[in-house]
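Residues per chain, in single letters:
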Amino acid sequence: MSTIAQRLSEITTTLPEGVRLVAVSKFHPVEALREAYDAGQRIFGESRVQELIGKIEAMPDDTVWHFIGHLQTNKVRAIVGKVAMIESVDTPRLAGFINRAAADAGVVQPVLLQLHVAQEETKFGFTPDELLDWLATDEWRNLTSLKLCGVMGMASNTDDQERIRQDFTLIAETRRRIVEAHPDLADTFATVSMGMSHDYLQAIACGSNLVRVGTYIFGERT
Ligand SMILES: *Cc1c(COP(=O)(O)O)cnc(C)c1O
């Protein structure tokens, strides 16, 4: 068994029922994705539009793509309808752009709303209050070509386990509060995407049902 297949199997055997794995393949060559695909992995995460487009063309048609990086508005049209999920919707403006592009393409684009809870200042995303406030305006109801599927976020990059637990709990809790405020979202706003190579087990313990693991599967990015 290849290392990639072995790592995948290690992870998938530890995933509880109902938790899905995004294999984060950014910066890794198609051959590496192919190995993961051959081992049964179907969902891949990419963070750059050009790289993603090339990989979509190179990989089998039933590969499932999640876009997980910061998405510039001028790149939206290149990926709408081609990815199963845009996990990184971080402003109302970007949501509007994706909605318009999806409407023009005649598709409904599933998305996650990205939360910023980590202590790093450079990360993108809504704060929990910003997201709750925006959703309270009901503006999103006009975005009929978007399907709001849940939230995505990252914990602080720290060794402080308590802080990591707090960050993950806040992300999961924010999803719960959103559904409480908008009960008609309950059926669809179900995804909590959190947890990476070094913290995915903690994320699951705090309510993640979609983990995004790269380095542990594919090795260091070069
Ligand atoms: C790169 C990346 C990951 C994967 O991180 P690893 O530490 O390599 O597992 C997960 N989520 C996002 C948003 C990323 O950009």
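As the structure is a prediction and not an experimental result, all values here were calculated from the model.

Q: I keep staring at the site of the ligand and nothing clicks. Help me out?
A: Near the ligand, the surroundings consist of Val24, Lys26, Ile68, Met154, Met196, Ser197, Arg212, Val213, Gly214, Thr215 and Arg221. At 2.8 Å from a nitrogen atom of the ligand is found a side-chain nitrogen or oxygen belonging to Arg212. Gly214 has a polar backbone atom sitting 2.8 Å from an oxygen atom of the ligand. Coverage of the ligand by the protein chains reaches 90% of its 390 Å² of free accessible surface. Applying the majority rule of atoms within 2 Å of the grid points places the ligand in the largest pocket. Here the shell around the ligand is composed, by residue class, of 5 nonpolar, 3 polar and 3 charged.

Q: Help me out: how do you make sense of the pairing of strand S8 (residues 210–213) in this one?
A: Remark: a regular strand shows side chains that alternate across the two faces of the sheet. Side chains Leu210 and Arg212 project from S8 onto one buried face, and the interleaved Val211 and Val213 project onto a second face that is buried too. As defined by bridge partners, strand S1 (residues 20–24) adjoins S8 across 4 bridges and the pair is classed as parallel. Opposite Leu21, over in S8, you have Val211 as the bridge partner.

Q: Looking at this structure, I do not really get unusual backbone geometry. What am I missing?
A: With the exception of glycine, most residues fall at negative phi, and the peptide bonds are largely trans. Of note, the phi angle at Phe27 is positive, near 70°, even though the residue is not glycine. Here Phe27 lies in the loop between S1 and helix H2 (30–38). A positive phi is found at Asp138, a non-glycine position, where the angle reads about 65°. What makes Asp138 partly exposed here is its relative accessible area of 33%.

Q: Looking at this structure, I do not really get empty space enclosed by the protein. What am I missing?
A: A water-sized probe, rolled over the atoms, reveals where empty space remains. As enumerated under the stated definition, the model contains 1 cavity of 30 Å³ or more in all. The computed volume of the largest cavity comes to approximately 50 Å³. Every residue lining the largest cavity is listed: Gln114, Leu115, His116, Val117, Ala118, Lys123, Phe124, Gly153 and Met154. Grouping the amino acids of the lining of the largest cavity by side-chain chemistry returns 5 nonpolar, 3 polar and 1 charged.

Q: Would you take a moment to explain the packing of helix H6 (residues 128–136) against helix H7 (residues 161–181) for this structure?
A: For any two helices packed against each other, the geometry is given by the interaxial angle and the distance between the axes. Interhelical geometry of H6 versus H7 gives an angle of 15° and a closest axis separation of 10 Å. In terms of their interaxial angle, H6 and H7 are classed as roughly parallel. For H6 against H7, the interelement crossing comes out right-handed. Residues Pro128, Leu131, Leu132 and Leu135 of H6 lie in contact with H7, whose contacting residues are Leu170, Thr174, Arg177 and Ile178.

Q: Honestly, helix H1 (residues 3–14) in this entry has me stumped. Any pointers?
A: Helix length check: H1, at 12 residues, gives a terminal C-alpha distance of 17 Å against a target of 16 Å (1.5 Å per residue), a fit within 8%. Listing the buried residues of H1 in full gives Ile4, Ala5, Leu8 and Ile11. Relative to the axis of H1, the buried residues are bounded by an arc of 130° and lie together on one face. Opposite its buried face, H1 presents the exposed residues Thr3 and Thr13, each directed more than 90 degrees away. Tucked into the core, H1 has its buried residues touching S1, H2, helix H8 (200–205), S8 and helix H9 (215–218).

What counts, and at which threshold
- Residues numbered from 1 in each chain as written.
- Predicted model: local features only at pLDDT ≥ 70, side-chain atom pairs only at ≥ 80, totals over all residues.
- Heavy atoms only, no water.
- Near = heavy atom within 4 Å.
- Polar contact = N/O pair within 3.5 Å; in protein donor to acceptor, adjacent residues only side chain to side chain.
- Areas by Shrake-Rupley, 256 points an atom, 1.4 Å probe, with all protein chains shown as cover.
- 1 Å grid on protein atoms, 1.4 Å probe; cavity = no way out; pocket = protein on both sides within 12 Å on 5 of 7 lines; lining within 4 Å.
- Sits in = over half its atoms within 2 Å of the grid points.
- Nonpolar A, V, L, I, M, F, W, Y, C, P; charged D, E, K, R; others polar.
- Buried < 20%, exposed > 50% of the residue type's maximum accessible area, 1.4 Å probe, protein only.
- Helix = DSSP H or I, 4+ residues; strand = E, 2+ residues; numbered from the N terminus.
- Pairing = 2+ DSSP bridges.
- Points joined across faces, edges and corners; volume = space filled by probe spheres on them.
- Axes fitted to C-alpha atoms, helices over the stretch in contact; angles between N-to-C directions.
- Parallel < 35°, antiparallel > 145°, perpendicular 65-115°, else oblique.
- Left-handed = near helix turned anticlockwise from the far one by under 90°.
- Contact = heavy atoms within 4.5 Å.
- Expected span 1.5 Å × (residues − 1).
- Arc of directions from axis to C-beta.

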